[in-house]
Structures are given as structure tokens and as C-alpha cells.
Amino acid sequence: DFANYMANVYGDADKTIDILTMANGINDCRGALKNQGQIDEIVDNAKAIIDAFLSYNPNGKVLIALPKIKASTLIEVYPSSYTLNSYNLRKKINEVFSSYDERVIVFGEVCGMDRFWGYPISEKAVAARIPEKITYNGDAVHPRNEGYLQIADTYLGALLYACKD
């Protein structure tokens, strides 16, 4: 209930939320999603929130960020199920929301993010007896500061696009 939130949490019922941003399923992709039914449930829940928001503010806009996929790595950090779940959720969000309502805008949260240098970089010995080290992503899911700044740039671009009218 967006009106209730503005009145009782924000404290000003006379103001409205003009743009709702959503990022769905990011943590779910890391093993929690087991089947298409769970992906459908995430999208159905997003639809319920979007419908409630657009009912609350018919002139509002909704920005839906596609779930990120893991970083490009030289060493596999996460199982392929993460990549598959991310892909399937991204596909479902695109299918449902790309033509859902003209006030709903789907964008790639990390499309402007460097998939290698935007993440924490670590070094690892090539082998126990070889002193050379390789550079790799130590965490292929959580960006480092530079990556978060790149994500912020992508959100800003989506917000400017939503406000162009």
C-alpha cells in the first residue's frame, strides 16, 4: 500500500512516489531457484507490486533491473546453476515486462559494468611449485566500489530515460 507508506512511514501523504525501481531475484539465482515455478512466482510477485504502484500513481514509471549474471572469471567461482537461473529469470522478466505497460521499463542493471574489473580482484598461484600468480575474480557476484559506481551510472541512465517525457 504505497499511499499508506507515504502517509505513515515517510510522513507526508501529499507527496507521491514517481519512479519505482526494482531488482528481482538477484539472491534467488544463487541456488534458491530450483524450477520454473519459482521463477514464475518471482515475476508474479513483481507484477503484483507493479500493479499496486501504477494504481497508486497512474503517471508513475517502473524501472525493472534484470538480474545480473556473474562476472567473467578465469576460475569458476559459482556453479553453472547460478548462470542458468539468472538467464531463465532474465528471460522471463523480458518476456513478461517488455510489453507489459508503457510505464514499465526493463533495463540491464549491469550492462554498463566491466564484468572483470568491476568485481573484487584476487591473485592465486598457478600451482604449488610455480611462483607465478594469475589474476582472477575472487567474488564473481558482489562488485567492488568501481563496479557499484558503474551500476549507479546504469541506474542513472535508466532514470533519465524514464524522465524524458
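In the block above lies the structure referred to throughout.
Residues numbered from 1 in each chain as written. Predicted model: local features only at pLDDT ≥ 70, side-chain atom pairs only at ≥ 80, totals over all residues. Heavy atoms only, no water.

Topic: the environment of Met 22
Part 1 of the reasoning: The residue Met 22 is located in strand β1 (residues 19-23) in this model.
Part 2 of the reasoning: Taking the C-alpha atoms as reference points, Met 22 and Leu 63, 41 residues apart in sequence, are found 6.1 Å from one another.
Part 3 of the reasoning: Excluding its chain neighbours within four sequence positions, the residues that come into contact with Met 22 are Ala 46, Ile 49, Ile 50, Val 62, Leu 63, Ile 64, Ala 65 and Tyr 155. (Helix = DSSP H or I, 4+ residues; strand = E, 2+ residues; numbered from the N terminus. Contact = heavy atoms within 4.5 Å.)

Thoughts on helix α4 (residues 145-162)
Part 1 of the reasoning: Taking 1.5 Å as the rise per residue, α4 with 18 residues should run 26 Å; its terminal C-alpha atoms sit 26 Å apart, in good agreement.
Part 2 of the reasoning: Looking only at α4, the buried set comprises Gly 147, Ile 151, Thr 154, Tyr 155, Ala 158 and Ala 162. Looking straight down α4, one finds its buried side chains confined to an arc of 100°; they lie on one side. Of the residues in α4, the exposed ones pointing more than 90 degrees away from the buried face are Asn 145, Leu 149, Asp 153 and Leu 160.
Part 3 of the reasoning: The secondary structure elements touched by the buried residues of α4 are β1, β2 (61-66) and β3 (104-108). (Expected span 1.5 Å × (residues − 1). Buried < 20%, exposed > 50% of the residue type's maximum accessible area, 1.4 Å probe, protein only. Arc of directions from axis to C-beta.)

Description of the packing of helix α1 (residues 2-10) against helix α2 (residues 36-56)
Part 1 of the reasoning: It is the contact of α1 with α2, at a shortest axis distance of 9 Å, that shows an interaxial angle of 70°. When the interaxial angle is binned, α1 and α2 end up roughly perpendicular. Contacts between α1 and α2 involve Phe 2, Ala 3 and Met 6 from the former and Ile 49, Ala 52, Phe 53 and Tyr 56 from the latter.
Part 2 of the reasoning: Its residues assigned to classes, the contact of α1 with α2 comprises seven nonpolar, no polar and no charged. (Axes fitted to C-alpha atoms, helices over the stretch in contact; angles between N-to-C directions. Parallel < 35°, antiparallel > 145°, perpendicular 65-115°, else oblique. Nonpolar A, V, L, I, M, F, W, Y, C, P; charged D, E, K, R; others polar.)

Section: the side chain of Lys 61
Part 1 of the reasoning: Note that Lys 61 resides in strand β2.
Part 2 of the reasoning: Of note is the side chain of Lys 61, whose polar atom sits 2.9 Å from the backbone oxygen of Ala 162. (Polar contact = N/O pair within 3.5 Å; in protein donor to acceptor, adjacent residues only side chain to side chain.)

As for the nonpolar core
Part 1 of the reasoning: Residues Ile 50, Val 62, Ile 64, Ile 93, Phe 97 and Val 104 are the most contacted members of the largest nonpolar core, which totals 19 residues.
Part 2 of the reasoning: Counting residues per element, this core draws most heavily on α2, which supplies seven residues.
Part 3 of the reasoning: If we ignore the near neighbours within four places in the chain, the residues touching Val 104 are Ile 50, Leu 54, Val 62, Ile 64 and Phe 97.
Part 4 of the reasoning: Among the nonpolar cores identified, the runner-up in size contains eight residues, and Leu 63, Ile 105, Ile 151 and Ala 158 belong to it. (Core = buried A, V, L, I, M, F, W, Y, C linked by side-chain atoms within 4.5 Å.)

Points about a nonpolar patch on the surface
Part 1 of the reasoning: Taken together, the side chains of Tyr 5, Val 9 and Tyr 10 define a hydrophobic patch exposed on the protein surface, amounting to about 330 Å² of accessible area.
Part 2 of the reasoning: With respect to the element layout, Tyr 10 can be found in helix α1. (Patch = residues over 30% accessible without salt bridge, like charges linked within 9 Å, V, L, I, M, F, W, Y side chains within 5 Å. Areas by Shrake-Rupley, 256 points an atom, 1.4 Å probe, with all protein chains shown as cover. Salt bridge = Lys/Arg side-chain N within 4 Å of Asp/Glu carboxyl O.)

Regarding the sheet that holds β2
Pairing between sheet strands relies on hydrogen bonds along the backbone, with the strands arranged either parallel or antiparallel.
Part 1 of the reasoning: Strands sit in the order β1-β2-β3 across an open sheet of three strands; the sheet is parallel. On the outer flanks of this sheet lie β1 and β3, each paired with one strand and no other. Neighbour to neighbour, the strand axes of the sheet diverge by 20° on average, direction disregarded.
Part 2 of the reasoning: With five bridges joining them, β2 and β3 adopt parallel strand pairing. Along β3, the bridge assignment pairs Ala 65 with Phe 107.
Part 3 of the reasoning: Each of β1, β2 and β3 touches α2; the most contacted strand, β1, lies at about 175° to it. (Pairing = 2+ DSSP bridges.)

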